[in-house]
Amino acid sequence: HRKNTTTNSLSLSLSFTPAQLQHHMSHSHPSSSASPNSLQSLLSPFLKKVQIPHEHSKVYKDECLLSFDTVYSDAGLFVSLNTFQCYSKGYLHKYEKKSHDTLYLNIKRIEKKDPNEKLHKDQEIKRLAIGVEGGFQVDSFSDNYDELLSLVCLEPINQVIQLPNDELPDKIQKSISGILKFASAEKKEAIKAWVDDKDYKESKYARDLKQLDNEGHPPLPRENWQCKECGMKDNLWLCLTCGQILCGRRYFDGSGGNNHMVDHNDQTAHPLVVKMGTITPEGADVFSYAENDMVLDPLLREHLAYWGIDQDKMKKTSKSMAEMELDLNKNLEFSSISEAGKNLEPLFGPGFTGLCNMGNTCYMASTMQVLFSIPEWKKKYYDPDFKLFDELPLSTNITDNVEVQLTKLANGLLSGDYSIPAEDESEHTTSEGGDKMDTSDDEQKTKIKSGEQHGITPRSFKNVIGRDHPEFSTNRQQDAIEYFQYLMSKIDQNERGMNASDDPVDIFKFKMESRWECTQSHNVKYTDEEALNLNLPVPLEKSPNFSVYMEYREKLEKFEREDKEAMKKATEENKPHLPKDRPEAVRPRVTMLDCLRNFTSDEIVDGFYSTAIKGRTQARKNTRLGTFPDYLVVQIQRYYLTNMGQPKKMDVSIDEVQELDLKFMRGNGLREGEVLLPEEDESSQGPDINMDIVNQLVDMGMNELHAKNAVLETGNSNADAAITFLFANQGNPVLDRPIEAKKSSGKTYNADESLVQNMVSMGMSEAESRVALHLTKNDTEAAIDMMFSNMEAVQKEMNAPAQEEAKIEKPPTTYCDGNEQYELFAMVSHIGTHTSCGHYVAHIKIDGQWVIFNDRKVAKSESPPFDLAYMYFYKRK
């Protein structure tokens with residue numbers, strides 16, 4: 001649907017220079033009066049710069065590369081017929097001045113006035129996917145809008161030509177057709193990232209799955225399907241190994257099942273289960289407990305037939321896991337953390353701009369809202385004139401430029417241009433995907449009260465930060481603290497590459513001072529390491545109601561045990577199960593000071609190599625802060641791994657969080673009377689192994705030697721990385737390698753440490769990953785391919801003698817330091833059972849008022865969840 005535009009109407013909406021604007025106002029319809037020959041001759045000198053796109057061309061036509069304006073903005077977007085880059089009216093001349101491109105396709109969409117013409121408005125979303133049936137249809141909104149097109153000719157032509165126009169030169173016609181025909185670069189990126197939130201992999205257990213004797217499990221009619229333990233008839237799963245039908249896991253909001261299939265797996269370790277109501281001739285939801293993920297079963301038809309289920313005759317009656325995740329996300333706003341149910345006063349304007357959730361991106365949104373509330377970050381990146389763009393070479397790929405994307409995001413959040421109340425959207429703009437507000441007055445008032453606004457969608461920012469990362473490049477939910485740490489490393493690396501003097505990451509950096517005391521000689525050593533945040537375990541035993549809490553835990557365990565037995569008995573007797581009331585929940589309360597003092601308390605470390613006794617012994621270790629940053633980030637360890645390796649949330653309140661006096665945490669180095677451990681050549685020592693991680697793995701039933709090698713190969717990073725490495729390298733001789741003394745090769749490798757850690761997180765050896773990245777010049781994809789297809793080259797490089805190389809000294813980090821008093825200015829809270837699901841919300845103190853940032857909703861906070869936050873952000877008083 002396209003309409004012709006007049007020259008006047010479009011020229012008035014453009015931000016032309018005064019001379020150009022005067023030209024347009026004094027020439028009403030220059031293109032209309034031009035003959036075909038004159039039009040050809042007019043445009044002929046500029047045809048050599050016109051390019052014709054093909055299906056692999058990067059065509060930008062959805063969002064301005066420097067702002068968040070779209071084709072639904074007042075003047076639409078202007079796409080260069082040379083580079084296929086697009087800009088809004090505010091930045092068009094900035095680009096034209098640099099590129100000297102003359103010809104642009106102007107695309108603008110206006111909502112149809114006739115409601116009878118509107119289609120797809122209430123399309124039901126059933127899949128976490130884009131461009132597939134049941135998913136988000138990227139073009140479904142096009143029938144609700146008229147598309148206005150014109151050819152804009154800047155200097156020296158200064159004309160706007162109505163489209164369609166058959167008299168345009170053939171090359172221009174083909175260029176415009178290609179721009180309109182081919183999918184945009186933004187859309188291609190989105191489709192690549194979304195395929196039901198991920199591409200499911202074939203389970204390694206599927207092809208060799210052993211199915212037990214089925215004589216005791218005759219096929220049941222569908223109407224008789226129910227959980228064997230509790231009689232539940234919804235959310236049922238079939239164990240493909242033994243044929244038992246049991247209910248699924250219980251979700252954090254109380255929905256789901258009663259965990260009976262989870263319990264069954266704990267007892268039997270049967271790997272694969274299928275969700276009953278999702279079975280159709282096309283497939284089904286299959287979950288692997290052993291791999292802890294949704295998977296593909298290529299033999300599903302045969303596995304189901306074994307239990308008397310004809311896949312070809314099955315119809316979908318239950319929500320898929322993707323649909324259930326969508327429903328859970330819809331209901332998250334009713335959590336107390338998001339302050340739902342309260343009549344919160346919405347806020348709009350500069351600094352109060354919401355961020356659209358692109359599908360599990362609330363971890364990023366909450367983090368970025370906090371960062372761009374910090375004055376140093378505003379000063380660094382807020383640049384409405386985008387002077388940075390003027391300084392960059394024309395050849396710069398600005399979609400891949402970290403600083404450009406940070407500046408674009410800062411401008412979007414801080415300008416207030418996109419912080420528009422829902423009731424004004426019809427006059428100003430539309431939401432992501434063109435879903436404009438079309439509601440009654442009462443519905444509009446509800447929208448305003450909720451604080452929902454248009455906001456911005458930082459897709460290009462997410463792409464450039466997450467690219468090459470195995471998790472942050474996906475649309476899966478992530479841990480906010482891990483994202484914060486990764487983002488800081490990415491920005492820090494970018495700033496140091498430019499030799500910048502105002503690295504915004506420096507305000508968070510501090511030195512952690514560790515004191516190690518040999519328990520035999522009592523000699524000591526001090527080590528420093530750089531940190532970005534404090535990670536605080538919660539000492540539950542410090543809670544005043546700890547004994548009451550433990551009594552509650554005992555009552556809860558007894559209740560769950562008896563309830564399980566009662567359900568089983570009721571099922572056997574074919575009677576209804578009448579559950580008793582659950583014990584009243586008790587939440588332990590611990591102060592922030594308790595957590596901080598616990599952090600600095602002594603701990604005993606096994607396997608410490610003491611140069612005083614020339615052997616391994618125990619060491620007494622404690623940790624202090626060597627410097628105090630301007631901004632201190634504190635993470636509360638609310639999440640932990642159970643003995644079965646499953647993530648679980650600790651339900652605990654943290655009190656007294658708004659002000660901190662941390663004088664007691666300052667480290668002062670060597671104390672009077674202390675004797676330092678003798679220095680010794682590290683080659684005589686064994687490798688440094690984090691025995692805390694090793695002990696965690698051993699407690700989970702893993703071989704100690706295997707655990708030590710896994711911890712070494714993953715750089716002593718964390719238990720999760722070591723477990724991943726163990727599972728990915730079963731049978732690999734590296735796990736049985738003896739722990740020998742370190743041998744210094746004297747070799748250094750030019751490998752990006754963040755990329756090294758990315759490969760380690762995939763289960764690869766740290767040392768080998770570093771060498772592969774060095775050999776491939778930090779090309780992650782090539783390095784991974786080398787690890788699988790050309791390991792000989794990696795081993796050859798590792799075994800080659802060291803070459804004398806000129807050492808490049810990195811400039812030392814200068815840590816800010818000051819007094820130890822802090823006040824809370826922001827929090828990021830998480831709702832959910834563990835960090836890979838649920839929802840994140842930010843609360844920020846702005847001009848003395850706490851404000852909640854919940855995706856596109858921004859409002860005054862009435863009751864900030866001080867005791868329930870996951871990340872606390874402090875600034876020095």
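Per chain, the residues get numbers from 1 upward, laid out in the order the sequence is written. Where local features are concerned, this predicted model is filtered to residues with pLDDT of at least 70; where side-chain atom pairs are given and counted, the filter is 80 or more; whole-chain, interface and lining totals use all residues. To obtain the side-chain values, all non-hydrogen atoms of the structure were included, while hydrogens and water were left out.

Draft legend 1. Molecular detail of the overall build of the chain. Think of it this way: any DSSP run of H or I at least four residues long counts as a helix, any run of E at least two long counts as a strand, and we number them from the N terminus. A tally of helices and strands in the chain yields 27 helices and 28 strands. Exposure classes here rest on a 1.4 Å probe applied to the protein chains alone. A residue is buried below 20% of its type maximum, exposed above 50%, and partly exposed in between. Per-residue burial for the chain yields a buried fraction of 51% across its 877 residues. Note on definitions: a residue-residue contact is assigned when non-hydrogen atoms from the two residues lie within 4.5 Å. The long-range fraction of contacts in the chain, counting pairs at least 24 apart against all pairs at least 6 apart in sequence, stands at 71%. Here the chain has roughly 42900 Å² of accessible surface; of this, 48% comes from carbon and sulfur atoms. To be clear on the numbers: accessible area is Shrake-Rupley with a 1.4 Å probe, and residue cover counts the displayed protein chains and nothing else.

Draft legend 2. The arrangement of a negative patch on the surface in detail. Within this analysis, patches are made of residues with over 30% relative accessible area and no salt bridge. Like charges are joined at 9 Å or less; nonpolar side chains (Val, Leu, Ile, Met, Phe, Trp, Tyr) at 5 Å or less. Here, a salt bridge means any side-chain nitrogen of Lys or Arg that lies within 4 Å of a carboxyl oxygen of Asp or Glu. Residues counted as positive are Lys and Arg, residues counted as negative are Asp and Glu, and His and the chain ends are not counted. Charge coordinates come from a single atom per side chain, which is NZ of Lys, CZ of Arg, CG of Asp or CD of Glu. Among the surface-exposed residues, D468, D779, E781 and D785 lie close enough to one another that they form a single negatively charged patch. Relative to the helices and strands, D468 is located in the loop between α17 (459–466) and α18 (480–497). Look at D468 and you get partly exposed, because its relative accessible area is 46%.

Draft legend 3. Inspection of the packing of helix α26 (residues 780–789) against helix α27 (residues 791–799) at higher detail. The convention used is that axes are lines fitted to C-alpha atoms, helices contributing only their stretch in contact, and that angles between N-to-C directions extend from 0 to 180 degrees. Contact geometry of α26 with α27 gives a least axis separation of 5 Å together with a crossing angle of 95°. What the angle tells us is that α26 and α27 run roughly perpendicular. Contacts from M786, M787 and S789 in α26 reach M791, E792 and V794 in α27. The class makeup of the residues in the contact of α26 with α27 is 4 nonpolar, 1 polar and 1 charged. Roughly parallel here means an angle under 35 degrees, roughly antiparallel means over 145, roughly perpendicular means 65 to 115, and every remaining angle is called oblique. Each residue receives one of three labels: charged for Asp, Glu, Lys and Arg, nonpolar for Ala, Val, Leu, Ile, Met, Phe, Trp, Tyr, Cys and Pro, and polar for the others, Gly being one of them.

Draft legend 4. Local environment of empty space enclosed by the protein. Buried and open spaces are told apart on a 1 Å grid over the protein atoms alone, a cavity being a set of points where a 1.4 Å probe fits but cannot get out and a pocket being an open set with protein on both sides within 12 Å along at least five of seven lines. Residues with an atom within 4 Å of a point are the lining residues. Grid points are joined across faces, edges and corners, and a volume is the space filled by probe spheres set on the points. By the definition in use, this model includes 3 cavities of 30 Å³ or more. Reported here for the second largest cavity is a volume of approximately 50 Å³. Taken together, Q85, Y87, Y95, K98, F389, P393, L394, T396 and I398 make up the lining of the second largest cavity. Across the lining of the second largest cavity, the residue classes tally to 6 nonpolar, 2 polar and 1 charged.

Draft legend 5. Up close: the pattern of salt bridges. In total, this model carries 28 salt bridges according to the counting rule given. With a closest N to O distance of 3.3 Å, K174 and D170 form a salt bridge. Residue K174 and its partner D170 are located together in helix α6 (residues 170–181), separated by 4 residues, close to a single helical turn. By relative accessible area, which is 44% here, K174 ends up partly exposed. One network of salt bridges, in which partners are shared, links R515, E517, R620, R671 and E674.

Draft legend 6. Inspection of α17 at higher detail. Burial analysis of α17 places 7 of its 8 residues in the buried class, the great majority of the element. Every buried residue of α17 is listed here: S460, F461, K462, N463, V464, I465 and G466. Downstream of α17 by one or two residues, D468 has phi in the positive range, about 75°.

Draft legend 7. Inspection of the nonpolar core at higher detail. To qualify as a nonpolar core, a set must consist of buried Ala, Val, Leu, Ile, Met, Phe, Trp, Tyr and Cys residues joined through side-chain atoms within 4.5 Å. Counting 55 residues, the largest nonpolar core has M368, W377, F484, M488 and F508 as its most contacted members. Counting residues per element, this core draws most heavily on α18, which supplies 8 residues. The residues contacting M368, other than those within four sequence positions of it, are L406, L409, L413, F461, Y483 and L487. V59, F84, L154 and I172 belong to the second-largest nonpolar core, a separate cluster that totals 47 residues.

Draft legend 8. Inspection of the sheet that holds strand β18 (residues 615–625) at higher detail. The strand order across the open sheet formed by 4 strands is β14-β13-β18-β17, and the pairing between neighbours is antiparallel. Both edges of this open sheet fall to β14 (524–531) and β17 (603–610), since each of them pairs with a single strand only. The average undirected angle you get between the axes of adjacent strands in this sheet is 35°. Criterion used throughout: strands pair if DSSP finds at least two bridges between them. Where β17 meets β18, 6 bridges bridge the pair, whose relative direction is antiparallel. Bridge pairing in β18 links F608 to T617.

Draft legend 9. Fine view of the environment of E584. Among the structural elements, E584 can be located in the loop between α19 (546–572) and β16 (589–591). When the C-alpha positions of E584 and Y552 are compared, they lie 7.8 Å apart, and in sequence the two are 32 residues distant.

Draft legend 10. Representation of the packing of aromatic side chains. A pair of Phe, Tyr and Trp rings is counted when the ring centres sit within 6.5 Å of each other, with Trp represented by its six-membered ring. The angle between the planes then sorts it: under 30 degrees is stacked, over 60 is edge-to-face, the rest tilted. For the structure on display, the rule yields 23 aromatic pairs. With a centroid separation of 5.2 Å and an interplanar angle of 80°, the aromatic rings of Y363 and Y483 are classed as edge-to-face. Of this pair, Y363 sits in helix α11 (residues 362–371) while Y483 sits in helix α18, placing them 120 residues apart in sequence. Of the two residues, Y363 and Y483, both sit in the buried class. An aromatic cluster is present here, built from F484, F508, Y631, F825 and F873 joined pairwise through their rings. By the criterion adopted, a ring carries a charge over it if an Arg CZ or a Lys NZ lies within 6 Å of its centre and within 35 degrees of its normal. For the cation-ring pair, K408 lies above F68, with the distance from its terminal atom to the ring centre recorded as 5.1 Å.

Draft legend 11. Broad picture of the packing of helix α14 (residues 402–414) against α17. Here α14 crosses α17 at 150°, and the two axes come no closer than 9 Å. Relative to α17, the element α14 is oriented roughly antiparallel. Regarding α14 and α17, the two cross each other, and that crossing is left-handed. Taken together, the residues of α17 that come into contact with α14 (itself represented by V402, Q405, L406, K408 and L409) are S460, F461, V464 and I465. A per-class count over the contact of α14 with α17 returns 6 nonpolar, 2 polar and 1 charged. Definitions for this section: a left-handed crossing has its near helix turned counterclockwise from the far helix by less than a right angle. A right-handed crossing has that turn clockwise.

Draft legend 12. Layout of the side chain of Q478. Summarising the element assignment, Q478 is placed in the loop between α17 and α18. In terms of polar contacts, Q478 uses its side chain to reach the backbone carbonyl oxygen of E471, at 3.1 Å. What qualifies as a polar contact is a pair of N or O atoms within 3.5 Å, subject to a donor-acceptor requirement within protein and to the restriction that residues adjacent in sequence count only when both atoms come from side chains.

Draft legend 13. Main features of the pairing of strand β28 (residues 871–876). With respect to burial, β28 is a largely interior element, 5 of its 6 residues being buried. Where strand β19 (residues 631–636) and β28 come together, 5 bridges link them in antiparallel fashion. Its bridge partner being in β28, V634 is matched across the sheet by Y872. Judged from the 6 bridges that link them, strand β24 (residues 821–831) and β28 form a sheet pairing that is antiparallel. Bridge pairing in β28 links A826 to F873.

Draft legend 14. Representation of the sheet that holds strand β8 (residues 236–239) in the model. Ordered in space as β7-β12-β11-β10-β8-β9, the 6 strands form an open sheet in which the pairing is mixed. Here the strands that pair on one side only, and so sit at the sheet edges, are β7 (201–202) and β9 (245–247). Those strands touched by helix α8 (residues 260–268) are β8, β9 and β10 (272–275), and its axis lies near 120° from that of β9.

Draft legend 15. Expanded view of the pairing of strand β27 (residues 857–860). For strand β26 (residues 849–854) and β27, the ladder comprises 4 bridges, and the chain directions are antiparallel. Bridged to I852 within β27 is A859. Linking β26 back to β27 in an antiparallel pair, the connection comprises 2 residues, with D855 at a positive phi of about 55°.

Draft legend 16. Local environment of unusual backbone geometry. Omega for the bond connecting E155 with P156 falls within 30 degrees of zero, at 5°, which places this linkage in the cis form. Following L163, the chain continues to P164 via a peptide bond in cis, the omega torsion being 0°. With respect to the secondary-structure elements, P164 resides in the loop between β6 (159–162) and α6. For N158, which is not glycine, the phi dihedral falls at a positive 55°. Structurally, N158 can be placed in the loop between β5 (145–153) and β6. Taking the relative accessible area as the measure of exposure, N158 reaches 10% and is therefore buried. Phi at N259 takes a positive value of approximately 70°, unusual for a residue other than glycine. As for its placement among the helices and strands, N259 is situated in the loop between β9 and α8.

Draft legend 17. How the structure looks around the side chain of D492. Assignment of secondary structure puts D492 in helix α18. Here D492 falls in the buried class, since its relative accessible area comes to 13%. Sequence-distant contacts of D492, that is, excluding residues within four places in its chain, are made with D503, V505 and K509.

Spatial relationships are all this shows, so hold off on functional conclusions.
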